[in-house]
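So you can see what is in the structure, the chains are spelled out below.
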Amino acid sequence: MPKRILFTVISFVLAYYTYKLTILFFELAPEEFSLVAIIVIAAVLNILLLGTIAFLGFVYPTHVLLSKRYYKIKNPETLNVWYKWLGVEMFRLFLLNTFYRKKDNKKYFNGSKAGILAFDYNTKQSEFGHLIALIVVSALSLVVLVQGHTLAFLWMLLFNILLNLYPVILQRKHRIIIERLIDRMGV
C-alpha cells in the first residue's frame, strides 16, 4: 500500500477514535471520571488530534493551506519575548535531549542551500500541524467545559500548551534564522 494512502487511512482512524473518546464527555457526568482517567483522556485526545493532522502532513504539503504571509515573521522581538517568557528554550532543550538527539539532526538540516529550504518546508509543515491541532483542541476543550467537565478542560488546556503551543512558537523562532539565511543566500 502506498505511503500516501496508508497515512491518510491512519489519519482517518485517529479522527474516528478522537470522536469516540470525545463522546464520553457527553455520555458521562464529570463525577464519573477519576483524576487519572481525566489526565489520560486529556493527553490521549491531544495526541490523537495532533496525530490526525500530522499523518496528513507527512504525505501532503498541508502548510500551503495558510498564506505565505502567515509564515513571515513580522515582529521577531515580540516572538523572542514570548519565547523567553514561556520558557520555550527549556522545551527545545528537552526535545534535543530526548526525541531529536544531536547526532540525528543532520537529517533535518545539513547546512546546504537545499537543506535550508528543506528545513524551512519542515518548520512550516510542523507549525501548521501544531497550529491546527492547537485550534481544534482548544475548541474541543471548550465543548468539554460547556458539558461541565472543568477538570478535563484544564488538563486538555495544559497538554495543548505543551504539545501544540510550544512547538508553534519554536518553529516560528526557527523561521527567524531561516529567513535571514534565505535572504543572505538569495534563495
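Section: the overall build of the protein
Right, on to step 1. The helix and strand inventory of the protein stands at 7 helices and 0 strands.
Right, on to step 2. Across the protein, helices and strands are ordered from the amino to the carboxyl terminus as α-α-α-α-α-α-α.
Right, on to step 3. Once the C-alpha set of the protein is aligned to its principal axes, its extents read approximately 60 × 45 × 35 Å.
Right, on to step 4. Across the 187 residues that make up the protein, the buried fraction comes to 37%.
Right, on to step 5. By element, 69% of the accessible surface of the protein is carried by carbon and sulfur atoms, the whole surface being about 11,300 Å².
Right, on to step 6. Looking at the protein, you have 21 positive and 10 negative side-chain charges, and the mean spots of the two groups are 12 Å apart.

Here we look at the packing of helix α2 (residues 35-59) against helix α6 (residues 113-146)
Right, on to step 1. Where α2 contacts α6, the two axes come as close as 9 Å, and the packing angle between them is 145°. When the axes of α2 and α6 are compared, the crossing they make is right-handed. Residues L45, N46, L49, L50, I53 and G57 of α2 touch α6, and the partners they reach there are Q125, G129, H130, I132, A133, V136, V137 and L140.

Digging into the packing of helix α4 (residues 76-85) against helix α7 (residues 150-185)
Right, on to step 1. Interhelical geometry of α4 versus α7 gives an angle of 135° and a closest axis separation of 10 Å. It follows from the interaxial angle that α4 and α7 lie oblique. Considering only the axes of α4 and α7, their crossing is left-handed. Here α4 contributes P76, L79, N80 and Y83 to the contact with α7, which in turn contributes I169, L170, R172, K173 and I176.
Right, on to step 2. Residues of the contact of α4 with α7, tallied by class, amount to 6 nonpolar, 1 polar and 2 charged.

Remarks on the packing of aromatic side chains
Right, on to step 1. A complete count under the given rule lists 9 aromatic pairs for this structure.
Right, on to step 2. Look at Y70 and Y71: their rings are 5.0 Å apart centre to centre, the planes differ by 85°, and that puts the pair in the edge-to-face class.
Right, on to step 3. The ring centre of Y83 lies 4.9 Å from the NZ or CZ of K173, which sits over that ring.

Details of the environment of L95
Right, on to step 1. Among the structural elements, L95 can be located in helix α5 (residues 88-97).
Right, on to step 2. A residue is classified by how much of its surface remains accessible, and L95, at 16% relative accessible area, is buried.
Right, on to step 3. When sequence neighbours within four positions are dropped, the list of residues in contact with L95 reads Y100 and L170.

Reading the values: the criteria
Residues numbered from 1 in each chain as written. Predicted model: local features only at pLDDT ≥ 70, side-chain atom pairs only at ≥ 80, totals over all residues. Heavy atoms only, no water. Helix = DSSP H or I, 4+ residues; strand = E, 2+ residues; numbered from the N terminus. Buried < 20%, exposed > 50% of the residue type's maximum accessible area, 1.4 Å probe, protein only. Areas by Shrake-Rupley, 256 points an atom, 1.4 Å probe, with all protein chains shown as cover. Lys, Arg positive; Asp, Glu negative; His and termini not counted. Charge placed at Lys NZ, Arg CZ, Asp CG, Glu CD. Axes fitted to C-alpha atoms, helices over the stretch in contact; angles between N-to-C directions. Left-handed = near helix turned anticlockwise from the far one by under 90°. Contact = heavy atoms within 4.5 Å. Parallel < 35°, antiparallel > 145°, perpendicular 65-115°, else oblique. Nonpolar A, V, L, I, M, F, W, Y, C, P; charged D, E, K, R; others polar. Phe/Tyr/Trp six-rings, centres within 6.5 Å; stacked < 30°, edge-to-face > 60°. Lys NZ or Arg CZ within 6 Å of the ring centre and 35° of its normal.

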